[in-house]
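What follows is the residue order along each chain.
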Amino acid sequence: MKKTSLALAGLLLASTLSAKEFISIGTGGMTGTYYPVGGAICRLANKDPQIKCSVQSTGGSIYNVNNVLKKELNFGFVQSDVVYDKYNGVGKFKDMGDKNLRAVVSIYPELLAFVVSKASKISSINDLAGKSINVGNPGSGNEMTALTVFNAYGFDAKKLKHHGVLTAQECPHALKDKKIDGYFYMVGHPTANITDAANSMPIDIVSIKGDNIDKMLKEFPYFAKGVIPKGTYEGVGHDVESIGVKAVLVTNKDMSDKAVTAVVKAILDNFDEYKTLHPALGAVTKESLIEGLSAPLHPAAEAEFKKHGIIK
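Given the structure is predicted, the values throughout are model-derived calculations rather than measurements. (Residues numbered from 1 in each chain as written. Predicted model: local features only at pLDDT ≥ 70, side-chain atom pairs only at ≥ 80, totals over all residues. Heavy atoms only, no water.)

1. Regarding the packing of aromatic side chains
- Applying the stated criterion across every chain, the model contains 10 aromatic pairs.
- Here Phe-150 and Phe-184 contribute two aromatic rings whose centre-to-centre distance is 5.7 Å and whose plane-to-plane angle is 75°, an arrangement assigned as edge-to-face. Within this pair, whereas Phe-150 is found in helix H5 (residues 141–153), its partner Phe-184 is found in strand S7 (residues 182–187), the two being separated by 34 residues in sequence.
- The exposure class of Phe-150 is buried, given its relative accessible area of 1%.
- Phe-184 gets classed as buried once you look at its relative accessible area, which sits at 1%.
- The structure contains a cluster of three or more aromatic residues connected by ring pairs, namely Tyr-84, Phe-220, Tyr-222 and Phe-223. (Phe/Tyr/Trp six-rings, centres within 6.5 Å; stacked < 30°, edge-to-face > 60°. Helix = DSSP H or I, 4+ residues; strand = E, 2+ residues; numbered from the N terminus. Buried < 20%, exposed > 50% of the residue type's maximum accessible area, 1.4 Å probe, protein only.)

2. Describing the state of the cysteines
- Evaluated as defined, the whole model comprises 1 disulfide.
- Two residues, Cys-42 and Cys-53, share a disulfide whose sulfurs are 2.0 Å apart. Classification of the bridge connecting Cys-42 and Cys-53 rests on its S-S torsion, roughly -55°, and on that basis the disulfide is left-handed. A residue pair is termed long-range when its members are at least 10 positions apart, and Cys-42 in helix H2 (residues 34–45) and Cys-53 in strand S2 (residues 51–56) qualify at 11 residues.
- Judged by its relative accessible area of 5%, Cys-53 is buried. (Disulfide = S-S within 2.5 Å.)

3. Here's the deal with helix H11 (residues 299–307)
- All of the buried residues in H11 are Ala-300, Ala-301, Glu-304 and Phe-305. End-on, the buried residues of H11 take up no more than an arc of 135°, which puts them together on one face. Opposite the buried face of H11, at more than 90 degrees from it, the exposed residues are Pro-299 and Lys-307.
- In this structure, the buried residues of H11 make contact with strand S4 (101–117) and helix H9 (257–269).
- Following H11 by one or two positions, Gly-309 adopts a phi angle in the positive range, close to 80°. (Arc of directions from axis to C-beta. Contact = heavy atoms within 4.5 Å.)

4. Focus on the pairing of strand S8 (residues 203–206)
- Here S8 shows a buried face lined by Ile-203 and Ile-205 and a second buried face lined by Asp-204 and Val-206.
- Direction of pairing for S4 relative to S8: antiparallel, over a ladder of 4 bridges. Along S8, the bridge assignment pairs Phe-114 with Val-206. (Pairing = 2+ DSSP bridges.)

5. Quick word on the side chain of Asn-74
- Along the chain, Asn-74 falls in the loop between helix H3 (61–69) and strand S3 (75–79).
- There is a polar contact of 2.8 Å between the side chain of Asn-74 and the backbone nitrogen of Ser-24.
- Not counting residues within four places of it along the chain, the set of residues in contact with Asn-74 comprises Phe-22, Ile-23, Ser-24, Val-68, Val-250, Thr-251 and Met-255. (Polar contact = N/O pair within 3.5 Å; in protein donor to acceptor, adjacent residues only side chain to side chain.)

6. Things to note about the nonpolar core
- Counting residues in hydrophobic clusters, the biggest one holds 54 residues, and the most contacted among them are Ile-41, Phe-75, Ile-107, Tyr-108, Leu-249, Tyr-274 and Phe-305.
- If near-sequence neighbours (up to four positions away) are discounted, Ile-41 is found in contact with Ile-25, Phe-77, Ile-107, Val-263, Ile-267 and Tyr-274. (Core = buried A, V, L, I, M, F, W, Y, C linked by side-chain atoms within 4.5 Å.)

Okay, structure coming up:
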């Protein structure tokens, strides 16, 4: 009888272990924002005894989207503009679109910060004629977004005194040395880059908003609005309204409902805890979790959002 009981217990244990689903999330470099946020999501998902979630440090968005579609990663962090281009076969992925891509949840905004020295007296894009501005290194997301914003405002970049092409990492020093009056940087906040600038000189961050920006968002659906809260950086005592891309968690259309549900449920059921797990998550709302996705939601994610009343 005892042997029979042990055998049954063994079968039950084996059944339980075989039911556990192992999932991987592709993130980015270990010093970036994707990696620790991916770890936070896995910690919450692993509260479910049927899920074993792990993160992988990767090369970032383009690597992640390609390997999710190859099914070498289950989930991946991808910028919403990359999601849009890959799903639709445009931009970076011209004629290489893939309709098997699915969005799971919008993680946090990577907001465009227009950092200026207070001495420059710049308070709007309309103040830039004759100024020295680092628009971004050629081919970068910073450059692309800054020029898109200029276009929305009707500002001709040729009116700049100096059109800078430094990398974002070089900008705080250039600002301090008065080589530039300001620079654009698309990033998750807070970031050491702007903190360094703010701690070495008086800076401001200019809001990017208005009817012209609203029109721009309709034209480019992968952009979304966001706010850099006041006090995020020394000397910036006002909320900064801006636009940016979203860091989006994606998967492929064949990913199991069980795994997708577990990830979305982990975030929604532990939302207050989730927001404390990294500074970049502090300003997210439940509603923002479905904004700027750029690809269709996986059906299991959509069902979970409906269950929580976020999608009506």
